[in-house]
Amino acid sequence: MAEMKQNHQTISQHQAVPPDRSTWWGRMQQRFPMLQRKRGVALVIGLMILPLFGLLGLLALRNRGNGGDGTAGIASGQQLINDDTYFYGQSEPVYPSPAMTGIGAWADAYNKAVEFVRQLTIEEKVNLASGISTSTGSSGTVNGCSGNIDAIPRMNFSGFCLNDAGQGVRATDFVSGFPSGIHVAASWNKDLARSRAESMGLEFRVKGVNIHLGPVVGPIGRVVKGGRNWEGFSPDPYLTGILVSETVSGIQSQGVITSTKHYIGNEQETNRQPIAGVEAVSSNIDDKTLHELYLWPFQDAVKAGTANVMCSYNRVNNSYACANSKTQNGILKTELGFQGAITSDWGALHAGVASAQAGMDMVMPNSELWGDKLTEAVKNGSVSEDRLDDMATRIMAGWYQMGQDKDFPEPGVGMPADLTKPHDIVDARNISSQKVLLDGAIEGHVLLKNVNNALPLRKPRMLSVFGYSAKNPDQWNYKSNGGVAAWTFGGESSYLGRDTSLGFSGHYYEAFSDIAPNGTLFCGGGSGAVTPASVSSPFDALNARALDDRTAVFWDFFSPDPDVASSSDPCLVIVNAFASEGYDRPGLRDDYTDELIRHVADRCNNTIVIFHNAGVRLVDQWIDHPNVTALVFAHLPGEASGRALVSLLYGDSNPSGKLPYTVARNESDYEHLAGPDLPEGEFEKFPQSNFSREGVYIDYRHFDAKNITPRFEFGFGLSYTTFEYANLNISKRNGANTDELPTGAIREGGQVDLWDVVATVSAEVRNTGKVDGAEVAQLYVGIPGAPVKQLRGFTKPFINATRSATVTFDLTRRDLSIWDVVAQKWRLQPGGYRVFVGGSSRNLPLNGTLTI
């Protein structure tokens, strides 16, 4: 196990702390320079002191009655586990690491990479696999990239710039802020996901970013309070798989490598990294659950051609993900035929030789365990030169596959090392992206309640606006108070990054805030945040519309109990639910916000609530209040937030978003999936998270299995019009092979016949209202021996009022199969498959049976 060290260094005032790159804390300082500043560190320490006493109290309660013998919380007869040899053998060893073969579309890139690597010295090959310098755009050394691979000038190789993240180019200037992953999922729009990815990929290219650190499909959203759920798409693997496929294809169409992450089981922030003698949490996942849920979207990303995959911080079956030979060698590189390279998350390497043998190919941002140590290991035979050759070949094959050997910008050309100093401006924004940014922001809003024709608004005479998420953040610049560069990681609205800084420093149990009270949310916090050059807040856009309509506007963004003019029509309450990398959300609701909503609703008979939510937000404290007439989940819209919201509120656009997750009535409805697993009992030093406890039954599958009625079901969303479904048709594809097991060759994504179409389902959708609009038609299938229904198709036609459209869904062998743990293949079972079509997971008016 890697030993945790922290070297405390004396610094002068205003001088950055030189980070020790050999430690996890040092690597976090490198990636997030606000932790290098004396004032920033002092701020973190100061913020830690107050919660410390509460934490000690909680520990005292936890240890009560256990005798104080150093084994607090351990049941009688149990021994505290102090050595991870206890867990040896829980993750199957798979060796050797399979070499790249250049199958399919990779043949040409593979041949070029082999020839390139043939000419390198051992040291040059090692340099390809070992990162050098890193930054976040405020105090870099080489450039502002999150990570770098050094150039090899004699080979005309200029190196790699790796940079965050999934919502746009982070921590630099003159870029756009795209909608987040959860927002894209709420749009249920495949074409829009592809357009967003193309536009985003172009900006990464212009900035000289070779490897885009995204998209995110892990976490998928097992833990409802997960701090990074907003970066990914949905807890449904099919929806996530479709959207990640479009995203990988779109970004890589611009010649930028995608690093699909975090592989695998990275479902909570709490105890994500080893610290203070406690190892990272282990995601214990059985084979069937892994394949049918968590691996599913990674498989789609591999099939789409992702040239890089990022291994995660956590342990998988008690083996660190970046040193797990089963998941990397056995599943990703063998079963899925992955041709690219596996890169570590920042600071996720805990074993040098073992990680190389287990299939990891590139370390980020750097590590004393690789570099010179890897060179030594190759020369003394601990790591074979063939394995090193394969690492270098996989890395370089991605470079050739994306065409980065031809006319690609210099790595990091638009990523200044220090944005506060004069630098050449590289404006990555493109006019063609403006429609994508606005449409993407509009379609990810979900209308959940609308009574008494509260919406759309029709030139109201008086409008009152309340809530802390209506206005722009109080501050938007490179440097923030106390030396904490909140701008670079989405902390502007959340106490200038206070909580995110604490989370990144490994303080998982602080009194984190549920909300970001200092302004509206364009994204969540952490390395997935975005720094757009210009933004539109809800109040900016509302006030502009009010000027055009000659509407009187009153507002109060600060008071918990504001004055409410009784003649206002309507009253808008614009609030949020914040989440960030580094810690999990403390709750799914908060008293301050709920009391503000009730206060306004008690005084205004047309109260419309808008939430910018980085995940599930419970609403039962006020949703049935007679004066709460409308509710919109606005998610994380990116830079066009205000313009998108006003377009919807005033009826210029018709809401078409649907929930990509389930909203419960009570937190207890999620049972143990509500929050993260904590160190306890004999595993206090080795936290365990048992995914097999629920298997594939998360989100709506959990609610269906337990017969729990949600407040708002998965796939639900209202429109200003109505739709009806009719004429279901189910047909088996002529000539389709329905043998139980696939027989095809392995290519990218697995056996090729997994994607053979077995059956087709069609239905008619009619717009029965008076407004043109888009409807997300959803197909669910009940597979024998599996959840009662699982999403297996969706499409989003735009239908004019009184008109109809035919929707068609293809069902592949994989869509209808279960994972056979004995055969180690996807099994298509003979028998009857229930088929459902409708507008949400619990509104499925059409149903029939497909017989295999």
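Computed from a predicted structure; not experimentally measured.

Asker: Which residues make up the pattern of salt bridges, and what are the values?
Answerer: A complete count under the given rule lists 45 salt bridges for this structure. Here Lys789 ties to Asp704 by a salt bridge, and the two come within 3.1 Å at their closest N and O atoms. With Lys789 in the loop between strand S22 (777-782) and strand S23 (790-795) and Asp704 in helix H19 (residues 700-705), this residue pair connects regions lying 85 residues apart in the sequence. Residue Asp704 is classed as buried on the basis of its relative accessible area of 16%. Between Asp704 and Arg842 there is a salt bridge, with its nearest N and O atoms 3.0 Å apart. Of this pair, Asp704 sits in helix H19 while Arg842 sits in the loop between strand S28 (832-838) and strand S29 (846-851), and the two are 138 residues apart along the sequence. Classification of Arg842 as partly exposed rests on a relative accessible area of 36%. The network of salt bridges with common partners includes Arg228, Glu231, Glu269, Arg272 and Glu581.

Asker: Would you mind going over the sheet that holds strand S13 (residues 571-577) in detail, with residue names and values included?
Answerer: Within the open sheet, the six strands sit side by side as S10-S15-S14-S13-S11-S12. Their pairing is mixed. With one partner strand each, in any of the chains shown, strand S10 (446-450) and strand S12 (552-556) form the two edges of the open sheet. Adjacent strand axes in the sheet meet at a mean angle of 15°, parallel and antiparallel pairs treated alike. Where S13 and strand S14 (residues 607-613) come together, seven bridges link them in parallel fashion. For Val573, the partnering residue across the bridge sits in S14 and is Val609.

Asker: Outline the side chain of Gln167, supporting the account with residue identities and numerical values.
Answerer: You can see Gln167 is positioned in the loop between strand S2 (160-163) and helix H5 (181-187). Side-chain polar atoms of Gln167 contact the backbone oxygen of Phe522, separated by 2.8 Å.

Asker: How would you sum up the packing of helix H4 (residues 122-129) against helix H12 (residues 372-379)? Please name residues and give values.
Answerer: The geometry of a pair of packed helices is captured by two quantities: the angle between their axes and the separation between those axes. Close contact between H4 and H12 brings their axes to 9 Å; oriented N to C, the two are set at 135°. One way to sum up the angle between H4 and H12 is to call them oblique. By crossing handedness, the relation of H4 to H12 is classed as right-handed. Counting all contacts with H4, which are made through Ile122, Glu123 and Val126, the residues of H12 involved are Leu374, Thr375, Val378 and Lys379.

Asker: Requested: an account of the packing of aromatic side chains, with residues and values cited.
Answerer: Summed over all chains, the structure comprises 30 aromatic pairs. Ring geometry for Tyr263 versus Phe298: centroids 5.1 Å apart, planes at 80°, classification edge-to-face. Taken together, the residues Tyr263 in strand S4 (residues 257-263) and Phe298 in helix H9 (residues 296-303) connect sequence positions 35 residues apart. On the basis of relative accessible area, Tyr263 is assigned to the buried category, the value being 1%. One aromatic cluster is present, formed by Trp188, Tyr238, Tyr700, Phe714, Tyr780 and Phe794 through successive ring pairs. Note that Arg222 overlies the ring of Phe691, its terminal NZ or CZ placed 4.2 Å from the centroid.

Asker: I'd like a rundown of the packing of helix H8 (residues 287-294) against H9, residues and numbers included.
Answerer: Contact geometry of H8 with H9 gives a least axis separation of 5 Å together with a crossing angle of 55°. In terms of their interaxial angle, H8 and H9 are classed as oblique. Of H9, the residues touching H8 (which contributes Leu290, His291, Glu292, Leu293 and Tyr294) are Trp296, Pro297 and Phe298. Of the residues assigned to the contact of H8 with H9, the class counts are six nonpolar, one polar and one charged.

Asker: So what's going on with the state of the cysteines? Which residues, and what values?
Answerer: Counting across every chain of the model gives three disulfides. Disulfide partner of Cys311: Cys322, at an S-S distance of 2.1 Å. Its S-S torsion of about 105° marks the bond between Cys311 and Cys322 as right-handed, since a negative value means left-handed. Here the residue Cys311 occupies a position in strand S6 (residues 308-311), and Cys322 occupies one in the loop between strand S8 (319-320) and helix H10 (325-335), the gap between them amounting to 11 residues. The pair formed by Cys311 and Cys322 is uniform in burial state, with each residue classed as buried. Note that Cys571 is cross-linked by a disulfide to Cys604, the S-S spacing being 2.3 Å. Disulfide Cys571-Cys604: torsion about the S-S bond near 100°, hence right-handed. With Cys571 in strand S13 and Cys604 in the loop between helix H17 (591-601) and S14, the pair connects residues that are 33 residues apart, well separated along the chain. Both residues of the pair, Cys571 and Cys604, count as buried.

Here is what the cut-offs are and how they apply
- Counting restarts for each chain: residues are numbered from 1 in the order of the written sequence.
- Reporting of local features is limited, given that this is a predicted model, to residues whose pLDDT is at least 70; pairs of side-chain atoms are given and counted only at 80 or more, and all residues count toward the totals for whole chains, interfaces and linings.
- Values shown for side chains rest on all heavy atoms present in the structure; no hydrogens or waters enter the calculation.
- In the sections that follow, a salt bridge refers to a side-chain nitrogen of Lys or Arg positioned within 4 Å of a carboxyl oxygen of Asp or Glu.
- A run of H or I in DSSP becomes a helix once it reaches four residues, and a run of E becomes a strand once it reaches two; helices and strands are each numbered from the N terminus.
- For the exposure calls, accessible area comes from a 1.4 Å probe over protein chains only, and a residue counts as buried if that area is under 20% of its type's maximum, exposed if over 50%, partly exposed in between.
- Two strands make a pair as long as DSSP finds a minimum of two bridges between them.
- Convention adopted: a line fitted to C-alpha atoms gives each axis, helices being fitted over their contacting stretch, and angles between N-to-C directions are expressed from 0 to 180 degrees.
- Each polar contact in these results corresponds to two N or O atoms within 3.5 Å; when the atoms are within protein, one needs to be able to donate a hydrogen and the other to accept it, and residues that are neighboring in sequence are counted only if both atoms are side-chain atoms.
- Angular relationships are summarised with four words: roughly parallel below 35 degrees, roughly antiparallel beyond 145, roughly perpendicular across 65 to 115, and oblique for the angles in between.
- The crossing is said to be left-handed when, going from far helix to near helix, the turn is anticlockwise and less than a right angle, and right-handed when the turn is clockwise.
- Contacts were defined at the residue level, with two residues in contact if any of their heavy atoms lie within 4.5 Å.
- Stacked, tilted and edge-to-face are the three classes assigned to paired rings of Phe, Tyr and Trp, where Trp is represented by its six-membered ring and a pair needs centres within 6.5 Å; plane angles under 30 degrees give stacked, over 60 edge-to-face, the rest tilted.
- Put simply, a charge is over a ring when the Lys NZ or the Arg CZ is close to the ring centre, within 6 Å, and near the line of the ring normal, within 35 degrees.
- Gly falls in the polar group here, along with every residue not listed as nonpolar (Ala, Val, Leu, Ile, Met, Phe, Trp, Tyr, Cys, Pro) or charged (Asp, Glu, Lys, Arg).
- Two cysteine sulfurs form a disulfide in these notes if their separation is within 2.5 Å.

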